[in-house]
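# Examining the three-dimensional arrangement
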Amino acid sequence: MATDENSKIIVRQAVLEDLDSIVRFNAAMALETEGKVLDQGKLREGVAAVFQRHGLGDYYVAEFAGRVVGQLLITTEWSDWRNSYYWWIQSVYVDADYRRSGVYRALHTFVADEAEGKGVQGLKLYVDRDNKRAQSVYADLKMNHSNYDLWEIDFESAQD
Ligand SMILES: CC(C)(COP(=O)(O)OP(=O)(O)OC[C@H]1O[C@@H](n2cnc3c(N)ncnc32)[C@H](O)[C@@H]1OP(=O)(O)O)[C@@H](O)C(=O)NCCC(=O)NCCS
């Protein structure tokens, strides 16, 4: 469904009432982009923690015609080199019926303006190597492909 010019996409910081949409979007994203079925209970607690625990992060949602159609999560990283914060963008998802209508562009522009206004150094995100669509979207939004590779370890005790 394309958004028409008379109806605006509104971006705002998420509130607790958005929790169900955010949980649903995260589950859909994991399935769509990584073929993963997330544990619903753990996911719900993970999302709720962002609202309950100060400093963990902030969700932002995009609304179209009164309906939540997209989201992202911002977490922060301190850079001692820059003496400033970077904002990390996570949990990017736009409802499949509302894609290619500028919903993610609206989310990105909103948080970029917000970050710049707060003196944040820049925005970063990681994306699955096979997720070519998301990569083209980020390139369209003038984000640069980093020269860094991501290295990681999940501890056995923490695995599902
Ligand atoms: C990636 C995703 C968030 C993009 O959302 P979207 O609302 O469709 O993106 P937008 O319509 O705002 O597009 C932004 C720009 O990217 C480009 N773009 C959008 N979809 C594209 C596609 N499928 N292929 C190439 N370029 C694309 C457009 O040129 C657009 O620029 P424009 O506004 O000048 O037309 C959405 O496809 C999605 O939720 N995918 C599944 C989840 C996912 O992959 N998340 C990312 C995990 S890192």
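Relevant structure appears above.
What you see is a predicted model; the values in this text were computed from it and never measured. In every chain, residue numbers begin from 1 and rise along the written sequence. Two thresholds apply to this predicted model, a pLDDT of at least 70 for residue-level local features and 80 or more for giving and counting side-chain atom pairs, whereas whole-chain, interface and lining totals are computed over all residues. Hydrogens and water are ignored here; the side-chain numbers use all heavy atoms of the structure.

### As for the sheet that holds strand 1 (residues 9–13)
Two strands pair if DSSP finds at least two bridges between them. Where helices and strands are cited, they refer to DSSP runs of H or I of at least four residues and of E of at least two residues respectively, numbered from the N terminus. The five strands lie next to each other as 1-2-3-4-5, forming an open sheet whose pairing is mixed. Each edge of the open sheet carries a strand with a single partner, namely strand 1 and strand 5 (122–124). Sheet twist, expressed as the mean angle between neighbouring strand axes with direction ignored, is 30°. Of the pairings in the sheet, the one linking strand 2 (residues 58–64) to strand 3 (residues 67–79) comprises seven bridges and is antiparallel in character. Opposite Phe 64, over in strand 3, you have Arg 67 as the bridge partner. To define axes, lines are fitted to C-alpha atoms, for helices over the stretch in contact only, and angles between the resulting N-to-C directions are given on a 0 to 180 degree scale.

### Remarks on the pattern of salt bridges
Put simply, a salt bridge is a Lys or Arg side-chain nitrogen that is within 4 Å of an Asp or Glu carboxyl oxygen. The final tally for this structure, using the stated rule, is eight salt bridges. With its nearest N and O atoms 2.8 Å apart, the salt bridge here joins Arg 12 to Asp 18. Between Arg 133 and Glu 32 there is a salt bridge, and its shortest N-O distance comes to 2.6 Å. In this pair, Arg 133 sits in helix 4 (residues 132–140) while Glu 32 sits in helix 1 (residues 19–34), placing the two residues 101 residues apart along the sequence. On the basis of relative accessibility, which here comes to 38%, the residue Glu 32 falls in the partly exposed class. Within this structure, Arg 12, Asp 18 and Glu 63 form a network of salt bridges that share partners. Residue exposure (1.4 Å probe, protein chains only): buried if accessible area is under 20% of the type maximum, exposed if over 50%, otherwise partly exposed.

### As for the pairing of strand 4 (residues 84–94)
Examined bridge by bridge, strand 3 and strand 4 share nine bridges and lie antiparallel to one another. Residue pairing in the sheet places Ser 79 in a bridge with Ser 84 of strand 4. Here strand 4 pairs with strand 5 via three bridges, running parallel. By the bridge assignment, Trp 87 is partnered in strand 5 with Leu 123.

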